[in-house]
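Below are the chains, spelled out letter by letter.
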Amino acid sequence: ILKERSEVERLMAEFLRKGDLSRRGERRINELLETYDFDAVEAFEEQTFKDLLSRVDEIPTSLALSQAALESGWGSSRFAREGYNLFGMWCYEPGCGFVPSRRPGGKSYEVTKYESPKDSFAAYINNLNTNRYYVAMRAIRRELRSSDGNLNGYELAAGLHRYSQEGYVYISKVQSLIQSNQLCRFD
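First, a word on scope: everything that follows refers to the structure included in this document. (Residues numbered from 1 in each chain as written. Predicted model: local features only at pLDDT ≥ 70, side-chain atom pairs only at ≥ 80, totals over all residues. Heavy atoms only, no water.)

1. Focus on the overall build of the protein
So, step 1. Helices and strands together make up the secondary structure of the protein, namely nine helices and three strands.
So, step 2. The order of α-helices and β-strands along the protein, N terminus first, is α-α-α-α-α-β-β-β-α-α-α-α.
So, step 3. C-alpha extents for the protein along the principal axes are approximately 55 × 40 × 25 Å.
So, step 4. Once local pairs closer than 6 in sequence are excluded, the contacts in the protein between residues at least 24 apart make up 53%.
So, step 5. Per element, the accessible surface of the protein, about 10900 Å² overall, is 47% carbon and sulfur. (Helix = DSSP H or I, 4+ residues; strand = E, 2+ residues; numbered from the N terminus. Contact = heavy atoms within 4.5 Å. Areas by Shrake-Rupley, 256 points an atom, 1.4 Å probe, with all protein chains shown as cover.)

This is how it looks when you write it as structure tokens:
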């Protein structure tokens, strides 16, 4: 992700300097736009790059560790052990994962099954970087980037009220876990 971010920043600087991009640069930016759930564009603007940079960014280690611990019961849940689902991610097509034993009647979601922990992390990062529910988290991240450039999971957690049905209680749990385990040292 940081390589992609650096590439976007380089191409943005080129665009701002020259007023346009090479065909190769245009193709690459459009590939990244699609990867990060934007529509491809024909006419580039500075805002195109800014919007892309709001999604092409890292998730602090402290945030990922705390959410993985909470969502997987410190790795002990059936979903974590049997399907490498460390972040409680859902899917919505029959057979895409596990049917939770306490799923309410009339609901059709499942808990996603992954091939590896790496796949679970990749899906989690993609979810936070692209899902409309986490616009607030990305806004906090953008503000941190513009102030001192340092990201920390404790502050980003404040934008995750839609991650869990617990809402703001969930944010408190994530932040408490980060503090009590001193996870910011990994950011």
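2. Points about the environment of Leu16
So, step 1. Summarising the element assignment, Leu16 is placed in helix H1 (residues 2-18).
So, step 2. Remark: the alpha-carbon pair of Leu16 and Glu46, spanning 30 residues in sequence, is separated by 7.3 Å.

3. A few points about the nonpolar core
So, step 1. Leu63, Phe87, Tyr124, Leu128, Met137, Leu160 and Tyr163 are the most contacted members of the largest nonpolar core, which has 23 residues in total.
So, step 2. Listing elements by their share of this core, those giving two or more residues are helix H4 (61-72), helix H6 (117-130), helix H7 (135-147) and helix H9 (168-180).
So, step 3. Setting aside residues up to four positions removed in sequence, Leu128 forms contacts with Ile59, Leu63, Gln67, Tyr134, Met137, Arg138, Leu160 and Tyr163.
So, step 4. Counting residues in hydrophobic clusters, the runner-up holds 14 residues, among them Ile29, Leu32, Phe44 and Phe49. (Core = buried A, V, L, I, M, F, W, Y, C linked by side-chain atoms within 4.5 Å. Buried < 20%, exposed > 50% of the residue type's maximum accessible area, 1.4 Å probe, protein only.)

4. A look at the environment of Asn131
So, step 1. As for its placement among the helices and strands, Asn131 is situated in the loop between H6 and H7.
So, step 2. Considering only alpha carbons, one finds Asn131 and Tyr36, 95 residues apart in sequence, at a separation of 9.3 Å.
So, step 3. In this view, Asn131 contacts Asn126 and Arg138; residues no more than four positions away in its chain are not counted.
So, step 4. Here the side chain of Asn131 touches Tyr133 through a polar contact of 2.8 Å, landing on its backbone nitrogen. (Polar contact = N/O pair within 3.5 Å; in protein donor to acceptor, adjacent residues only side chain to side chain.)

5. A short note on the packing of H4 against H6
So, step 1. The N-to-C vectors of H4 and H6 enclose an angle of 115°; their axes lie 12 Å apart at closest approach. Relative to H6, the element H4 is oriented roughly perpendicular. Crossing hand, H4 versus H6: right-handed. Of H6, the residues touching H4 (which contributes Leu63, Ala64 and Gln67) are Phe121, Tyr124 and Leu128.
So, step 2. The class makeup of the residues in the contact of H4 with H6 is five nonpolar, one polar and no charged. (Axes fitted to C-alpha atoms, helices over the stretch in contact; angles between N-to-C directions. Parallel < 35°, antiparallel > 145°, perpendicular 65-115°, else oblique. Left-handed = near helix turned anticlockwise from the far one by under 90°. Nonpolar A, V, L, I, M, F, W, Y, C, P; charged D, E, K, R; others polar.)

6. Describing the packing of aromatic side chains
So, step 1. All chains considered together, the criterion is met by eleven aromatic pairs.
So, step 2. Between Trp90 and Tyr109 the ring centres are 3.7 Å apart and the planes differ by 5°, which places this aromatic pair in the stacked class. Of this pair, Trp90 sits in strand S1 (residues 90-91) while Tyr109 sits in the loop between strand S2 (97-98) and strand S3 (110-112), placing them 19 residues apart in sequence.
So, step 3. Each residue in the set Phe87, Phe121, Tyr124, Tyr133, Tyr134, Tyr163 and Tyr170 is aromatic and connected to the rest through ring pairs, giving one cluster.
So, step 4. One cation-aromatic arrangement involves Arg55 over Phe38; the distance from NZ or CZ to the ring centre is 4.0 Å. (Phe/Tyr/Trp six-rings, centres within 6.5 Å; stacked < 30°, edge-to-face > 60°. Lys NZ or Arg CZ within 6 Å of the ring centre and 35° of its normal.)

7. Here we look at the pattern of salt bridges
So, step 1. Within this structure, the stated rule accounts for nine salt bridges.
So, step 2. Linking Arg5 and Glu9 is a salt bridge whose minimum nitrogen-to-oxygen distance equals 3.6 Å. Within this pair, Arg5 and its partner Glu9 are both found in helix H1, separated by four residues, close to a single helical turn.
So, step 3. The class for Glu9 is partly exposed, based on a relative accessible area of 39%. (Salt bridge = Lys/Arg side-chain N within 4 Å of Asp/Glu carboxyl O.)

8. Topic: the sheet that holds S3
Paired through their backbone hydrogen bonds, the strands of a sheet run either parallel or antiparallel.
So, step 1. On the basis of which strands lie adjacent, the open sheet formed by three strands has the order S1-S3-S2 and antiparallel pairing. The sheet terminates laterally at S1 and S2, the two strands that pair on one side only.
So, step 2. As paired strands, S1 and S3 are joined by two bridges and run antiparallel to one another. Bridge pairing in S3 links Cys91 to Glu110. (Pairing = 2+ DSSP bridges.)

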